[in-house]
Amino acid sequence: MMATTFVSVPFKKASEVDMAKPLSKFIQATYPSGDTQAEYVRAAEELNSLRKNALGRPLDKHDSSLEILLRYYDQLCSIEPKFPFSENQLCLTFTWKDAFDKGSLFGGSVKLALASLGYEKSCVLFNVGALASQIAAEQNLENDEGLKAAAKYYQLASGVFQHIKDTVLSALNREPTMDICPDTVGTLSLIMLAQAQEVFFLKAAADKMKDAIIAKLANQAADYYGDAFKQCQYKENLPKYFYFQEVLPVLAAKHCMMQANAEYHQSVLAKQQKKFGEEIGRLQHASDSVKTVASRYDEYINVKDLSDKIARALTAAKKDNDFIYHDRVPDVKDLEPVGKATLVKSTPVSHPMSQKYTDLFAKMVPLAVQQSLSIYNQRRADLVNRLIGQMRESTNLANGVLASLNLPAAIEDVSGDSIPQSILEKSKVVAQKGGLQTIDQFMRDLPELLQRNREILDEALKILDQEEVSDHELKAKFKERWKRTPSSELYKPLRAEGANFRTTLDRAVQADQVVRERYAAHREVIALLCKPEAELNAAIPSGNPTKSLQGSEVIMLLKTLLASLNEVKKERETFENDIKSVQFDMSSRFLTALAQDGAISEEAISVTELDRLYGGHTESVQQNLKKQEELLAKIQAAHEEFSKSTQSNTDANQREEMLKKLAAGHDQFVELVANLNEGTKFYNGFTEILLKFQTKCSDIVFARKTERDELLKDLQQSIAREPSAPNIPAAPAYQIAASVGGTTPAVPTPAPRSVFPSKPQPPEHAEPSSSGVCENQPKPQPPARPPPPSVGATFPAAALAADPAPAPSASMPASVGGVGMLSQAQGPPYPSYQGYPGFYPMPMPMAYNQYAYGQYNMPYMYHPPGQPPFQTAQPPQQPQQPQQPRYPYPQQQFYQQ
């Protein structure tokens with residue numbers, strides 16, 4: 001098991017708060033005296049004691065300490081909707097210190113005090129994540145139990161920090177401290193997820209799983225660490241702790257180390273697939289990565305064991321490739337990317353989180369009370385809407401009757417040439433409210449609001465459609481193997497809800513069309529009301545229908561009746577405001593009923609309370625409506641008598657018709673503005689509902705995709721374990737004969753050491769050696785590499801003089817893990833490895849050997865001409881090997897790095 005380092009998070013520190021006293025005061029003031037009140041008071045005291053245990057003392061890095069924190073957090077979630085925590089009601093101020101700010105010599109660390117239970121929850125949850133990271137870091141990764149525990153706690157910490165990121169801004173009414181700001185906790189969440197992925201990699205390696213799987217796990221861990229490193233680099237408002245407390249270099253080192261592990265295990269897979277050039281290329285890439293860690297981050301991460309393992313594999317691979325396979329080594333950029341496989345996900349934060357959770361205030365707001373309150377609120381809304389609707393309908397009816405009778409304009413038109421006062425007032429009202437511009441603006445806004453709602457709904461349903469198509473395809477592909485509930489069945493409630501939303505939008509479109517038609521019918525009259533008084537007067541035909549009746553009894557009666565009708569309409573406006581302002585908290589009524597009877601008769605209680613609260617208003621509204629009905633009957637009778645007394649001529653009739661249109665235009669304008677305003681509010685409110693629906697669809701689709709990925713992974717593993725055929729076919733006869741004693745040898749003869757050909761090959765056929773120089777044709781620009789160290793008198797002076805090598809550079813980097821910088825180990829000029837008949841394990845010389853030869857540390861040994869190498873005769877059953885050319889060979893040129 002490699003030595004590694006994991007990042008853990010420090011605690012936030014909280015100031016002491018007495019929660020029992022203010023909670024007890026609220027309970028005593030809200031609930032009746034008795035056993036229930038005493039129980040709630042005891043629960044408040046127990047909650048205060050739980051806070052002291054969770055936050056008032058140092059916590060051990062153990063499950064029991066984490067359980068205490070989780071219990072306290074669960075209690076906070078439970079009491080949040082039960083007590084009115086706010087600055088103007090139940091005020092509790094919580095003070096916390098920044099976890100990463102350790103203060104200075106001349107001042108304390110950063111603190112923040114808020115009267116917000118959401119702030120307390122976020123800070124407690126931060127400590128949950130911090131303790132989970134510390135417990136995970138303490139686990140023994142040498143055994144299976146420790147690995148499982150570490151992975152579990154890192155995923156818990158990741159989910160906790162992610163939850164804080166998503167909720168902290170909505171829970172606070174001001175800027176949070178840097179430790180719980182979204183950027184910080186988002187980075188911490190990613191770091192914890194990366195460490196959990198690394199633990200799964202370690203477990204897979206310990207369990208000796210397939211190298212392909214291990215490589216993907218390591219590559220995914222490297223990806224997570226790389227993302228976390230980038231966040232630390234580019235987020236300007238992260239705490240200095242990330243930069244000065246070894247977090248940033250650890251992330252960089254882990255990124256390189258996981259990349260090296262991924263390439264190493266992928267090289268093993270390449271070797272199994274007989275892709276020996278790819279094996280060497282990946283090992284070289286892995287070697288470069290561990291060298292980066294060793295040279296830059298050696299004080300944080302120890303990769304010596306990993307470096308040695310990669311070096312040994314690289315040396316052996318180069319040796320085999322040079323002597324036997326002669327496979328071309330691809331460049332790093334030409335290698336296929338290693339796949340990725342994630343086995344981790346952030347543990348979601350859900351209430352309750354503690355396994356031993358019991359609600360201390362379970363009886364305070366039971367589910368029955370919440371359901372009864374919901375039904376009661378619906379009954380109350382229906383009653384209020386019915387009363388207000390009746391009054392508005394009556395007002396519209398009265399305005400329509402008066403407009404049809406040209407009242408009050410008919411009895412105000414004395415001269416026959418001037419504008420009646422009522423028409424002037426109506427004109428001013430239309431102009432003050434914006435006239436046609438106001439309606440036109442509403443008309444332009446409504447289609448945009450409608451389109452926005454349709455797009456949100458379409459996108460939500462599209463998310464469901466796409467996932468359902470994917471599920472159907474997978475079901476068709478895997479058939480009975482695909483064992484999960486079909487998406488078409490699972491999404492039925494959501495689709496029914498979406499269909500209701502679609503119907504609602506269609507009805508809204510129809511209502512908008514009715515408004516447009518009414519506007520088109522009255523647009524000219526409304527435009528006329530918006531004109532100045534002179535233009536308006538010129539548009540009204542002249543006439544003198546009432547000059548002879550001024551001061552008559554019928555006109556005085558009509559004026560009195562119209563004044564009474566206006567009083568009735570103003571009275572309704574007062575009634576509407578009074579009805580809307582009625583407030584009563586039914587929770588205490590339902591709680592009392594539950595405490596007394598053990599059950600809630602919601603209908604009986606609600607009807608009784610609504611009659612008590614709105615009975616008087618309902619009676620007043622009915623009297624008002626009846627009074628208006630009587631007044632309208634008297635007005636119509638008086639107007640009939642008035643019509644008989646007026647002069648009847650063409651001009652007077654035209655003037656009266658125009659005045660009727662103007663009065664009706666005013667009423668239509670007021671109603672249109674009200675309707676358009678309500679339509680705008682409807683679309684805006686409906687947008688919020690549709691956004692929630694879209695979020696619901698996204699959440700369930702995300703869960704389905706996660707479930708799909710896990711199921712696919714299980715299916716792939718099960719399919720991979722299944723045999724391709726029940727029985728392996730027998731080998732052909734010629735293969736059996738060859739293996740028994742035929743002409744074809746059973747074991748291939750090892751290839752001799754490669755010799756430079758006399759005639760160079762074309763570049764496209766050149767095979768690069770492990771040193772980066774083509775065996776058949778040297779490249780013009782060989783890669784940088786260190787020179788071989790001097791090994792004393794091993795090389796003859798003549799050979800050195802013939803082809804001198806550059807002297808070793810003083811700036812040459814040191815070897816990592818005892819492996820030289822050369823990418824090809826130099827061996828003797830004949831096959832010499834374990835298992836070959838001529839193998840001779842030569843000892844390591846006492847001098848420093850930069851070019852150690854594999855496991856046995858064989859140096860490059862010079863054999864003078866005429867002296868036979870250490871090689872025995874070939875076995876009789878194999879042909880005699882040809883005499884190897886004697887040294888010196890064309891010596892390879894080494895380049896200084």
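Residues numbered from 1 in each chain as written. Predicted model: local features only at pLDDT ≥ 70, side-chain atom pairs only at ≥ 80, totals over all residues. Heavy atoms only, no water.

A.B. asks: Tell me what's going on with the overall build of the protein chain, and back it up with residues and numbers.
C.D. replies: The secondary structure content of the protein chain amounts to 24 helices and two strands. Looking at the protein chain residue by residue over its 897 residues, the buried ones come to 44%. Sequence-distant contacts, at least 24 apart, represent 81% of the contacts inside the protein chain between residues at least 6 apart. Split by element, the accessible area of the protein chain, about 47,500 Å² in all, is 52% carbon and sulfur. (Helix = DSSP H or I, 4+ residues; strand = E, 2+ residues; numbered from the N terminus. Buried < 20%, exposed > 50% of the residue type's maximum accessible area, 1.4 Å probe, protein only. Contact = heavy atoms within 4.5 Å. Areas by Shrake-Rupley, 256 points an atom, 1.4 Å probe, with all protein chains shown as cover.)

A.B. asks: Now, about the pairing of strand β2 (residues 111–114): what can you tell me, with residues and values included?
C.D. replies: Alternating residues of β2 divide into Leu 112 and Leu 114, all buried, and Lys 111 and Ala 113, none buried. Where strand β1 (residues 94–97) and β2 come together, four bridges link them in antiparallel fashion. From the neighbouring strand, Trp 96 faces β2, where its bridge partner is Leu 112. (Pairing = 2+ DSSP bridges.)

A.B. asks: If you had to explain the confidence of the model for the protein chain to someone new, which residues and values would you point to?
C.D. replies: Averaged over the protein chain, the pLDDT score is 76; the fraction of residues at 70 or greater is 72%. Confidence scores differ between elements of the protein chain, with helix α24 (residues 797–802) showing the lowest mean pLDDT of 38 and helix α4 (residues 117–137) the highest of 94. Scored below 50 in pLDDT, residues 785–876 shows 163 contacts in the model against residues more than four places distant or in partner chains. pLDDT under 50 marks residues 878–897. Its contacts with residues more than four places away, or in other chains, come to 52 contacts. (pLDDT = per-residue confidence, 0-100.)

A.B. asks: Tell me about the side chain of Asp 512, and name the residues and values.
C.D. replies: By secondary structure assignment, the location of Asp 512 is in helix α17 (residues 492–529). Despite being buried, Asp 512 has no salt bridge partner; Arg 516 is the closest side chain of opposite charge, sitting 5.0 Å away. When near neighbours in sequence (up to four residues on either side) are disregarded, Asp 512 contacts Leu 446 and Tyr 683. (Lys, Arg positive; Asp, Glu negative; His and termini not counted. Salt bridge = Lys/Arg side-chain N within 4 Å of Asp/Glu carboxyl O.)

A.B. asks: An account of helix α14 (residues 421–432) is requested, with residue identities and associated values reported.
C.D. replies: Here α14 contains twelve residues, and its C-alpha end-to-end distance of 16 Å stays within 8% of the 16 Å for a straight helix at 1.5 Å per residue. Listed as buried for α14 are Ser 422, Ile 423, Leu 424, Lys 426, Ser 427 and Val 430. Just beyond α14, the residue with positive phi is Gly 434, at close to 100 degrees. (Expected span 1.5 Å × (residues − 1).)

A.B. asks: Go over the packing of aromatic side chains, please, and point to the residues and values.
C.D. replies: Scanning the entire structure with this criterion turns up ten aromatic pairs. Centroid distance Phe 682 to Phe 686: 5.3 Å. Interplanar angle 15 degrees. Geometry classified as stacked. Placement of both Phe 682 and Phe 686 in helix α22 (residues 650–721) is noted, with a separation of four residues, approximately one turn of the helix. Here Phe 682 falls in the partly exposed class, since its relative accessible area comes to 30%. Positioned over the ring face of Phe 6 is Lys 254, at 4.2 Å from the centre of the ring. Lying over the aromatic face of Phe 584, Arg 612 brings its terminal NZ or CZ to 5.1 Å of the ring centre. (Phe/Tyr/Trp six-rings, centres within 6.5 Å; stacked < 30°, edge-to-face > 60°. Lys NZ or Arg CZ within 6 Å of the ring centre and 35° of its normal.)

A.B. asks: Break down the nonpolar core for me, with residues and values.
C.D. replies: Core analysis: the largest hydrophobic core is formed by 141 residues, its most contacted members being Met 19, Phe 126 and Phe 361. Once you skip the residues sitting within four places of it in the chain, Phe 361 turns out to touch Ile 27, Tyr 40, Ala 43, Ala 44, Leu 47, Ile 79, Lys 82 and Phe 83. The next biggest cluster of nonpolar side chains, apart from the first, holds 45 residues, and it includes Leu 424, Val 430, Ile 526 and Leu 659. (Core = buried A, V, L, I, M, F, W, Y, C linked by side-chain atoms within 4.5 Å.)

A.B. asks: Run through the packing of helix α3 (residues 63–79) against α4, naming residues and quoting values.
C.D. replies: The contact between α3 and α4 brings their axes to 10 Å, and the two run at 160 degrees. Judged by the inter-axis angle, α3 sits roughly antiparallel to α4. Crossing handedness for the pair α3 and α4: left-handed. Residues Asp 63, Ser 65, Leu 66, Leu 69, Leu 70, Tyr 72, Tyr 73, Leu 76, Cys 77 and Ile 79 of α3 touch α4, and the partners they reach there are Leu 117, Glu 120, Lys 121, Val 124, Leu 125, Asn 127, Val 128, Leu 131 and Ile 135. Partitioned by chemical class, the residues of the contact of α3 with α4 number 14 nonpolar, two polar and three charged. (Axes fitted to C-alpha atoms, helices over the stretch in contact; angles between N-to-C directions. Parallel < 35°, antiparallel > 145°, perpendicular 65-115°, else oblique. Left-handed = near helix turned anticlockwise from the far one by under 90°. Nonpolar A, V, L, I, M, F, W, Y, C, P; charged D, E, K, R; others polar.)

A.B. asks: A description of the pattern of salt bridges should follow, citing residues and the corresponding values.
C.D. replies: Taken as a whole and assessed by the stated rule, the structure comprises 24 salt bridges. Lys 121 is paired through a salt bridge with Glu 80; the nearest N and O atoms lie 2.8 Å apart. With Lys 121 in helix α4 and Glu 80 in the loop between α3 and β1, the pair connects residues that are 41 residues apart, well separated along the chain. The exposure class assigned to Glu 80 is partly exposed, which follows from its relative accessible area of 34%. Notably, a salt bridge pairs Arg 495 with Asp 465, separated by 2.7 Å at the nearest N-O pair. Pair noted here: Arg 495 is in helix α17 and Asp 465 is in helix α15 (residues 435–478), with a separation of 30 residues, a long-range link. Given the relative accessible area of 26%, Arg 495 is considered partly exposed. Three or more residues are tied together by salt bridges with common partners; here these are Asp 144, Lys 148, Lys 203 and Asp 207.

A.B. asks: Any chance you could break down helix α5 (residues 144–171) for me, citing the residues and the numbers?
C.D. replies: The first and last C-alpha atoms of α5 sit 39 Å apart over 28 residues, in line with the 40 Å expected at 1.5 Å per residue. Of all bends in α5, the biggest is about 35 degrees, found at Lys 165. Of the residues flanking the start of α5, the one acting as N-cap is Asn 143, its side-chain oxygen 3.3 Å from the backbone nitrogen of Glu 145. (Bend = angle between axes of the 7 residues up to and from the residue. Polar contact = N/O pair within 3.5 Å; in protein donor to acceptor, adjacent residues only side chain to side chain.)

A.B. asks: Tell me about the packing of helix α9 (residues 247–272) against helix α10 (residues 276–296), residues and numbers included.
C.D. replies: Remark: α9 packs on α10, axes separated minimally by 8 Å, with the N-to-C direction vectors making an angle of 165 degrees. As far as their axial angle goes, α10 and α9 are roughly antiparallel. Considering how the two elements wind past one another, α9 and α10 form a crossing that is left-handed. Here α9 contributes Ala 253, Cys 256, Met 257, Gln 259, Ala 260, Glu 263, Tyr 264, Gln 266, Ser 267, Ala 270 and Lys 271 to the contact with α10, which in turn contributes Phe 276, Glu 278, Glu 279, Arg 282, Leu 283, His 285, Ala 286, Ser 289, Val 290, Thr 292 and Val 293. Looking at the contact of α9 with α10 residue by residue, the classes come out as eleven nonpolar, six polar and five charged.

A.B. asks: Residues and numbers for the environment of Ala 150, please.
C.D. replies: Looking at the secondary structure, you find Ala 150 in helix α5. On the basis of relative accessible area, Ala 150 is assigned to the buried category, the value being 1%. The spatial distance from the C-alpha of Ala 150 to the C-alpha of Ala 132 is 8.8 Å, given a sequence separation of 18 residues. For Ala 150, the contacting residues outside a window of four places in its chain are Ala 136, Gln 139, Leu 141 and Val 199.

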